[in-house]
Amino acid sequence: MAYASKKEDESGLSSYYNNKTTIIQEARVFNDSPISPRKCRALLTRIVYLLYIGETFSAQEATTLFFGTTKLFQHKDSALRQMVYLAIKELATTAEDVIMVTSSIMKDMQPNSEVIYRPNAIRALCRIIDPSMAQGVERFFKAAIVDRTPSISSAALVSSYHLFPLAKDVVKRWVNEAQEAVSAKSSSSFFPGSSGGGYLNFGSSGNSNSGYQPIPSTSYITQYHALGLLYLIRQQDRMAVTKMIQQLGGGKSGAGTTLKNSMALCMLIRYTAKVMEEDPNIQKQILDLLEGWLRHKSDMVNFEAARAICEMKNVNASQLTKPIAVLQLFLSSPKPVLKFSATRTLATLALTHPAAVASCNVDLESLITDQNRSVATYAITTLLKTGNEASVDRLMKQITGFMSEISDEFKVIIVDAIRSLCIKFPTKHVSMLAFLSGVLRDEGGYDFKRAVVEAMFDMIKFISDCKEQALSHLCEFIEDCEFTKLSVRILHLLGLEGPKAPQPTKYIRFIYNRVVLENATVRAAAVTSLAKFGVNAVDDGLRRSIGVLLNRCLDDVDDEVRDRAAMYLKVMQEASLADTYVKEESVFSLAALESKLVAYVNDVDASAQPFDASSIPKISRAQLAAESTRPSTLDTIAAPATRASASPPPPTAAETQSAYVQQLADIPHFAEYGTVLNSSAKPAQLTESETEYQVTCVKHIFREHIVFQFNVSNTLPDTVLEQVVVVMQPQADSGLTEDVVFQIDSLSCANSPGIVYVSFKRDNPKEYTTTSFQCILKFISKELDPSTGRPEEEGYEDEYQLEEVELSAGGDYIIPSYASFSSEWDRLRSGATATETFSLGAMESIKAACDSIIELLNMEPLGGTETPSSPSVHTLQLSGLVTGGGGKVLVRCRMTFSRGQGVTLELGVRAEQENACALVVSVVGG
């Protein structure tokens, strides 16, 4: 007779034993008489297990199990009663009518109940009640929070934490009890006969009926839970949080603190660091507290304080001395967790303060051979950031020894550290490139291979001496690369850099092999790369050979590959097409393209006309690469994430433009204006940042209108502004007529900022009006009634003088756009042209003149001409687009500088439209 193996038997039994249907059928044991505690406990354990592994019960199934479980309330078995509470707590979120068991649960919260049940009852009650019942159980929770039994107090505090989002006003009233729990001098009584009842006599430690006595606790975990609740209640009041920190901090040395629990102290340190980040004015006082905690008897507290100081904004080397000394002691600790935490923190700090971390190099070098490879990895990456050029080769040898023993995640950390080291010490590129090429041949996942490839890309970009060798290594890698994305990126790079190499033909074999052996995506990329060799080839023989290879691709099974081959064969025959599709160095700004496309799709009338791509500004490929470059893995993986900033990241240009378009589209009157041609890239500040009323202005240019958007903020909490408008007075003969004004009906501190719109009609839409406006903010000011929170009936009219608003060419009508200057300058030879000479006597250098002209015209400097190479003679080249169909405009500024006379400027302008040319000349001459 054959018996199943133990493993197979257990697997089969487990699948049956923990089957949902089986459990529901077996739930009838809850109705047995007498009840079997052992069977019921086993079944409840299986129910909770299923819920924990993600199994779901329908509402009917959960309700049946829930009320079957509640029948066990009257049983005296303590272990069964605790399992009952655990089960109903988990089933409460799915079952229906759970509120019916509230009274049964509250019986176990009474002072005369078994103390062992009270924590379970409190945690279950938190899940059962709805927000409207929170006030009814307030008395019970207040009593439990200050109970002298740690398990009861902790259960009440944690449950209060979970109730806070649902019943904030009720839980906020428990702040005194939470404060008492934080400051508790002892956790429990050691004397069986103690009868100190605590708050409302609920905290009785002894029970004459059961004989249960609480076990004294030395962990003081209640303080940890109480501190969390206390901060949750006070987190919106920074002064209250600061006061709490000062009370619990224990002075400069930290010895006077009432907190005995290490986790509570660690949490207090994190709150302290957050307060210091929000209010730099108290940094000195907070720093003294943190330095006191560096001497605490708990390693956990020492580390948290050291890390908080290391992550401070604008921390200097002298402030880092003490925390680094603490971390240095951890490096020699026998505990792996201390070594790991110290090396990880030092690796982060080395990114910004390598000199300060260098004092730990001796200790870090001893950790390179540590058995824990995570510790060794962080030690090496820190040394790579802090070491000098002489130690590079030695470190590279040590790294090579254990690369095969660590996971891909840590391999990425090391590769990125070497990537930054390549730029720091370019003369060591030989050994580093050899290391990278070696690990590129090793086994590894996509993230690891991508990190190595990008490190080689950086070496090719920044270290010209290693370009050919690095390209050869990449060619060998794509011969056996399993990642399509990496193959495509490498083929793209070969198409850019290969034709410039001394022997471009040696790369063609590797590229054509991809056409023969790879999938359609890689084949298409290989065709594009081959075409770039053909277009840029100096040798006619090479061009003909590329043509033969591309002709073979016309029979490919994939239509994308065939289409590319046919297109590039045509491009190779016509120089004008080659300049447009292969050699063109500019691309559309993706943010501007997205904004224009969204506006075009949303505008019903625009669909009658073809999309006008000429109005979209262009940027260089270098700018596009800079915008799309991913954050260095060195910053995201090797460096542990610091505390999240309280402020969200600033919106991108595309997000800002889309938001403006959406705001304007929501106003029917502006929908008739058509498409927004341009909006201000940055709001103009019209008031000081300290004033009670703050106003910024954004300008929106339409074909026949100009809309001024005033963002108005009221910073006075006890005042409401009504009928808020901005009165704008343009200069005489400005060519603008006021169209409409949209006011803010009511503006308080709570609903700030509000928006006032002022629209002007352009008398002649073909002219580019430049003028300035006198602006006055007018409103009716009303005081808030403190008792009702409503504004008073009577108010008074008031006004506030704002800064002038300028409507200028740069930023309002001209958009920066990249172009190939020499070819575009020749193309516009037959267009509108103007040449003027100006004397800029106030300019102290050519660099100052360049900066002023770029800022004035808001145009894109080309070819690095924004940085003069000579102090006496320079030519600045600029490119831009004029909104409203003004087309492309190029500016050539020839400048000479002599002491005493300043800068002499010869301004040459070429544009597609005469009025665009005149606009630029008028701005400079203005």
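Residues numbered from 1 in each chain as written. Predicted model: local features only at pLDDT ≥ 70, side-chain atom pairs only at ≥ 80, totals over all residues. Heavy atoms only, no water.

A. Quick look at the overall build of the protein. Along the protein, the regular secondary structure elements total 40 helices and 19 strands. Across the 926 residues that make up the protein, the buried fraction comes to 48%. Sequence-distant contacts, at least 24 apart, represent 66% of the contacts inside the protein between residues at least 6 apart. Element-wise, carbon and sulfur atoms account for 51% of the exposed surface of the protein, whose accessible area totals about 45600 Å². (Helix = DSSP H or I, 4+ residues; strand = E, 2+ residues; numbered from the N terminus. Buried < 20%, exposed > 50% of the residue type's maximum accessible area, 1.4 Å probe, protein only. Contact = heavy atoms within 4.5 Å. Areas by Shrake-Rupley, 256 points an atom, 1.4 Å probe, with all protein chains shown as cover.)

B. The nonpolar core, seen in detail. Ranked by internal contacts, the top residues of the largest apolar core, which has 197 residues, are Ile105, Leu227 and Ile418. At 10 residues, the largest contribution of residues to this core is made by helix α14 (residues 262-278). When residues no more than four places from it in sequence are discounted, the contact partners of Ile105 are Phe73, Tyr85, Ile88, Ala121, Ala124, Leu125 and Ile128. If you look at the next biggest cluster of nonpolar residues, it comprises 59 residues, including Val724, Met728, Leu777 and Leu907. (Core = buried A, V, L, I, M, F, W, Y, C linked by side-chain atoms within 4.5 Å.)

C. Structural context of the packing of aromatic side chains. Applying the stated criterion across every chain yields a total of 17 aromatic pairs. When the centroid spacing of 5.6 Å and the interplanar angle of 65 degrees are considered together, the rings of Tyr446 and Phe483 count as edge-to-face. Of the two residues, Tyr446 is situated in helix α25 (residues 446-462) and Phe483 in the loop between α26 (467-478) and α27 (484-497); the sequence distance between them amounts to 37 residues. Owing to a relative accessible area of 26%, Tyr446 belongs among the partly exposed residues under this scheme. A ring pair is formed by Tyr768 and Tyr813, whose centres lie 5.3 Å apart and whose planes are at 65 degrees; its orientation type is edge-to-face. Of this pair, Tyr768 sits in the loop between β10 (754-762) and β11 (771-783) while Tyr813 sits in the loop between β13 (805-807) and β14 (814-816), and the two are 45 residues apart along the sequence. Look at Tyr768 and you get buried, because its relative accessible area is 14%. Exposure remark for Tyr813: the relative accessible area of 0% places this residue in the buried category. In this structure, Arg139 is placed above the aromatic ring of Phe140, and the distance from its NZ or CZ to the ring centre is 4.5 Å. The ring of Phe448 is capped by Lys411, whose NZ or CZ atom sits 5.2 Å from the centre of that ring. (Phe/Tyr/Trp six-rings, centres within 6.5 Å; stacked < 30°, edge-to-face > 60°. Lys NZ or Arg CZ within 6 Å of the ring centre and 35° of its normal.)

D. Main features of a nonpolar patch on the surface. A contiguous nonpolar surface patch, about 350 Å² in accessible area, is contributed by Tyr49, Tyr52 and Ile53. Here Tyr52 lies in helix α3 (residues 37-52). We classify Tyr52 as exposed; its relative accessible area is 53%. (Patch = residues over 30% accessible without salt bridge, like charges linked within 9 Å, V, L, I, M, F, W, Y side chains within 5 Å. Salt bridge = Lys/Arg side-chain N within 4 Å of Asp/Glu carboxyl O.)

E. Broad picture of the pattern of salt bridges. Summed over the entire model, instances satisfying the criterion amount to 33 salt bridges. As a salt-bridge pair, Asp288 and Lys284 come within 3.4 Å of each other at their nearest N and O atoms. One end of the pair is Asp288 and the other is Lys284, both in helix α15 (residues 283-293) and 4 residues apart, which spans about a single turn. A residue is classified by how much of its surface remains accessible, and Lys284, at 58% relative accessible area, is exposed. With a closest N to O distance of 2.8 Å, Arg489 and Glu454 form a salt bridge. Remark: Glu454 occurs in helix α25 and Arg489 occurs in helix α27; sequence separation between them is 35 residues. Accessibility expressed as a relative area gives 35% for Arg489, which makes it partly exposed. Glu454 sits in the buried class, given a relative accessible area of 7%. Beyond isolated ion pairs, a larger network of salt bridges with shared partners links Asp416, Arg419, Glu454, Asp458 and Arg489.

F. Representation of helix α29 (residues 520-536). The end-to-end C-alpha distance of α29 is 25 Å, a good match for the 24 Å that 17 residues give at a rise of 1.5 Å each. Burial analysis of α29 places 14 of its 17 residues in the buried class, which makes it a mostly covered element. Two or three places before Thr521, at the opening of α29, Asn519 has a side-chain oxygen 3.2 Å from that residue's backbone nitrogen. (Expected span 1.5 Å × (residues − 1). Polar contact = N/O pair within 3.5 Å; in protein donor to acceptor, adjacent residues only side chain to side chain.)

G. The side chain of Lys411, seen in detail. By the secondary structure assignment, Lys411 is in helix α23 (residues 408-424). Here Lys411 is in contact with Met403, Ile406, Glu443 and Phe448, once residues within four sequence places are set aside.

H. Fine view of the side chain of Ser159. Within the element layout of this structure, Ser159 appears in helix α9 (residues 150-163). Those residues in contact with Ser159, other than ones at most four positions away along the chain, are Ile122, Arg123, Cys126 and Phe141.

I. Expanded view of unusual backbone geometry. The omega angle of the peptide bond from Ser33 to Pro34 is 0 degrees, so this bond is cis rather than trans. Note on placement: Pro34 falls in the loop between α2 (20-26) and α3. In this structure, Gln723 takes a positive phi of about 50 degrees despite not being glycine. Along the polypeptide, Gln723 turns up in strand β7 (residues 719-730). Judged by relative accessible area, Gln723 falls into the partly exposed class, the value being 43%. A positive phi angle is found at Asn858, which is not glycine, with a value near 55 degrees. Relative to the elements of secondary structure, Asn858 occurs in the loop between α39 (846-857) and β16 (860-861). A residue is classified by how much of its surface remains accessible, and Asn858, at 27% relative accessible area, is partly exposed.

J. Structural view of α25. Counted at 1.5 Å a residue, the expected span for α25 with its 17 residues is 24 Å, and the 24 Å between its end C-alpha atoms agrees. Counting buried positions over the 17 residues of α25 gives 12, a clear majority of the element. Inspection of α25 places Phe448, Lys449, Ala451, Val452, Val453, Glu454, Ala455, Met456, Phe457, Asp458, Met459 and Ile460 among the buried residues, and these make up the whole buried set. Looking at the buried residues of α25, the elements they touch are α23, α24 (429-440), α26 and α27.

K. Here's a closer look at the packing of helix α7 (residues 118-128) against α9. For the pair α7 and α9, interaxial distance at closest approach is 8 Å and the crossing angle is 5 degrees. The orientation of α7 with respect to α9, classified from their angle, is roughly parallel. In contact with Arg118, Pro119, Ile122, Arg123 and Cys126 of α7, α9 contributes Ser151, Ile152, Ser154, Ala155, Ala156, Val158, Ser159, His162 and Leu163. Here the residues of the contact of α7 with α9 are counted per class, giving 8 nonpolar, 4 polar and 2 charged. (Axes fitted to C-alpha atoms, helices over the stretch in contact; angles between N-to-C directions. Parallel < 35°, antiparallel > 145°, perpendicular 65-115°, else oblique. Nonpolar A, V, L, I, M, F, W, Y, C, P; charged D, E, K, R; others polar.)

L. Here's a closer look at the pairing of strand β19 (residues 902-911). Here β19 lies mainly inside the structure; 8 of its 10 residues are buried. Summarising the sheet, strand β15 (residues 832-840) and β19 pair through 9 bridges and their orientation is antiparallel. Bridge pairing in β19 places Thr837 opposite Glu906. A loop of 3 residues connects strand β18 (residues 887-898) with β19, the two strands running antiparallel in sequence, and Gly900 in this loop sits at a positive phi of about 95 degrees. (Pairing = 2+ DSSP bridges.)

M. Focus on a negative patch on the surface. Residues Glu688, Glu690, Glu803, Glu804 and Glu806 make up a contiguous surface patch of negative charge. Looking at the secondary structure, you find Glu803 in the loop between β12 (796-801) and β13. (Lys, Arg positive; Asp, Glu negative; His and termini not counted. Charge placed at Lys NZ, Arg CZ, Asp CG, Glu CD.)

N. Highlighting the confidence of the model for the protein. Per-residue pLDDT for the protein has a mean of 80; in total, 88% of the residues score no lower than 70. Low pLDDT, under 50, characterises residues 630-648; the predicted model gives this stretch 34 contacts beyond four residues in sequence or across chains. (pLDDT = per-residue confidence, 0-100.)

O. Expanded view of the environment of Val805. Within the secondary structure, Val805 is located in strand β13. Of the residues examined, Val805 reaches a relative accessible area of 3% and is grouped as buried. For the pair formed by Val805 and Ala684, sequence separation is 121 residues and the distance between their alpha carbons is 8.2 Å. With near-sequence residues (within four places) excluded, Val805 lies in contact with Leu686, Cys697, Lys699, Phe708, Phe710, Thr771, Ser772, Phe773 and Cys775.

P. View of the packing of helix α22 (residues 392-402) against α23. It is the contact of α22 with α23, at a shortest axis distance of 12 Å, that shows an interaxial angle of 160 degrees. In terms of their interaxial angle, α22 and α23 are classed as roughly antiparallel. Pair α22 / α23 crosses with left-handed handedness. In contact with Val392, Met396, Ile399 and Phe402 of α22, α23 contributes Ile414, Ile418 and Leu421. Taken together, the residues that form the contact of α22 with α23 break down as 7 nonpolar, no polar and no charged. (Left-handed = near helix turned anticlockwise from the far one by under 90°.)

Q. Summary view of the state of the cysteines. Inspection of the entire model under this criterion finds 0 disulfides. Here Cys775 is not disulfide-linked; the sulfur of Cys697 is the nearest cysteine sulfur, at 6.8 Å. The buried category is assigned to Cys775, whose relative accessible area is 0%. (Disulfide = S-S within 2.5 Å.)

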